[in-house]
Amino acid sequence: MGKQHYQITVNGEARDVLAEPRELLIHTLREQLSITGPHIGCETSHCGACTVDIDGRSVKSCTVFIAQAAGREITTVEGLGTPDAMHPLQEAFREHHGLQCGYCTPGMITRAYRLLQENPSPTEEEVRFGIAGNLCRCTGYQNIVKAILAAAAEMNAAKEAAE
Ligand code: FES
Ligand code: FES
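These figures come from a predicted structure and were not determined experimentally. (Residues numbered from 1 in each chain as written. Chains lettered and ligands numbered in written order. Predicted model: local features only at pLDDT ≥ 70, side-chain atom pairs only at ≥ 80, totals over all residues. Heavy atoms only, no water.)

1. Observations regarding the packing of helix α4 (residues 105–118) against helix α6 (residues 142–162)
The description of two helices packed together rests on the angle between their axes and the distance between the axes.
Thinking step 1. Interaxial distance between α4 and α6 falls to 11 Å at its minimum, and their mutual angle equals 45°. By the angle between their directions, the pair α4 and α6 is classed as oblique. Where α4 crosses over α6, the two elements pack in a sense that is right-handed. In this structure, α4 uses Met108, Ala112 and Leu116 to contact α6, whose residues at the interface are Ile144, Ile148, Ala151, Ala152 and Met155.
Thinking step 2. Within the contact of α4 with α6, the residues separate by chemical class into 8 nonpolar, no polar and no charged. (Axes fitted to C-alpha atoms, helices over the stretch in contact; angles between N-to-C directions. Helix = DSSP H or I, 4+ residues; strand = E, 2+ residues; numbered from the N terminus. Parallel < 35°, antiparallel > 145°, perpendicular 65-115°, else oblique. Left-handed = near helix turned anticlockwise from the far one by under 90°. Contact = heavy atoms within 4.5 Å. Nonpolar A, V, L, I, M, F, W, Y, C, P; charged D, E, K, R; others polar.)

2. Observations regarding the pairing of strand β3 (residues 51–54)
Looking along a regular strand, one sees the side chains alternate between the two faces of the sheet.
Thinking step 1. What you see with β3 is no split at all: Thr51 and Asp53 on one side and Val52 and Ile54 on the other are buried throughout.
Thinking step 2. In this structure, β3 lies alongside strand β4 (residues 57–60), joined through 4 bridges in antiparallel fashion. Residue pairing in the sheet places Ile54 in a bridge with Arg57 of β4.
Thinking step 3. Taking the residues that link successive antiparallel strands as the turn, the β3-β4 hairpin has 2 residues, and the phi of Asp55 there is positive, at about 50°. (Buried < 20%, exposed > 50% of the residue type's maximum accessible area, 1.4 Å probe, protein only. Pairing = 2+ DSSP bridges.)

3. Comments concerning the environment of Ser61
Thinking step 1. The residue Ser61 is located in the loop between β4 and α2 (66–69) in this model.
Thinking step 2. Here Ser61 falls in the buried class, since its relative accessible area comes to 0%.
Thinking step 3. Separated by 37 residues in the primary sequence, Ser61 and Leu24 have C-alpha atoms spaced 7.1 Å apart.
Thinking step 4. Leave out the neighbours within four places in its chain, and Ser61 touches Leu24, Leu25, Ile26, Cys50 and Val52.
Thinking step 5. For Ser61, the side chain forms a polar contact with the main-chain oxygen of Cys50, separated by 2.7 Å. (Polar contact = N/O pair within 3.5 Å; in protein donor to acceptor, adjacent residues only side chain to side chain.)

4. So, the domain arrangement of the protein
One frequent convention defines the size of an interface as the accessible area lost when the parts assemble.
Thinking step 1. Here the protein is described as being made up of domain 1 (4–79) and domain 2 (88–162).
Thinking step 2. The gap between the C-alpha centroids of domain 1 and domain 2 is 22 Å.
Thinking step 3. Each partner contributes to the interface: domain 1 provides 19 residues, whereas domain 2 provides 14 residues.
Thinking step 4. Our enumeration of links across domain 1 and domain 2 arrives at 1 salt bridge.
Thinking step 5. Between domain 1 and domain 2 we count 10 residue pairs in polar contact (both at pLDDT 80 or more) in total.
Thinking step 6. For the side of domain 1 that touches domain 2, the secondary structure elements donating two or more residues are β3 and β4.
Thinking step 7. Here the residues of the side of domain 1 that touches domain 2 are counted per class, giving 6 nonpolar, 10 polar and 3 charged. (Domains from an automatic or database assignment. Salt bridge = Lys/Arg side-chain N within 4 Å of Asp/Glu carboxyl O.)

5. Here's the deal with unusual backbone geometry
Thinking step 1. A positive phi is found at Asn11, a non-glycine position, where the angle reads about 50°.
Thinking step 2. Tracing the backbone through its elements, the reader meets Asn11 in the loop between β1 (4–10) and β2 (13–19).
Thinking step 3. Relative accessible area serves as the criterion here: at 28%, Asn11 is assigned to the partly exposed category.
Thinking step 4. Positioned with a positive phi, Asp55 is a non-glycine residue whose angle comes to about 50°.
Thinking step 5. Along the chain, Asp55 falls in the loop between β3 and β4.
Thinking step 6. Residue Asp55 is classed as partly exposed on the basis of its relative accessible area of 41%.

Quick look at the structure:
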């Protein structure tokens with residue numbers, strides 16, 4: 001089958017892409033739209049470096065064809081915050097050294113974002129279980145878990161202060 005037009009919304013912006021239906025979403029994001037936060041680690045759904053949020057669920061974008069993503073809302077790490085207005089998770093990863101080489105970080109933060117949406121006050125065990133699909137070859141996970149727990153506390157305190 002030849003190339004077709006597909007509409008997707010990425011980080012709040014409607015985008016039109018021309019692609020073969022079997023093109024993987026991670027390739028569309030990185031190569032067509034220059035959204036390079038999501039990384040390619042394995043392309044076999046093992047590492048989680050390519051994790052994005054699709055319609056409120058964490059998804060490994062190397063497992064999704066562009067034809068399946070059509071019409072959906074996609075959020076990547078770029079959509080969570082900016083260098084001047086970072087998401088609490090981004091702040092916490094910086095503050096608690098939740099990264100070393102940084103390769104897993106965009107996927108890890110995007111996954112953690114959904115985890116905290118679903119469970120705003122997770123235990124350490126729940127955080128570890130929640131990020132089980134995201135591999136990090138550098139950190140031993142200690143500081144990643146610490147960062148996610150710190151971000152959860154920060155977000156809950158901000159929510160309480162706003163009430
Ligand atoms: S690149 Fe998608 S899970 Fe590894
Ligand atoms: S920080 Fe290097 S893979 Fe996670």
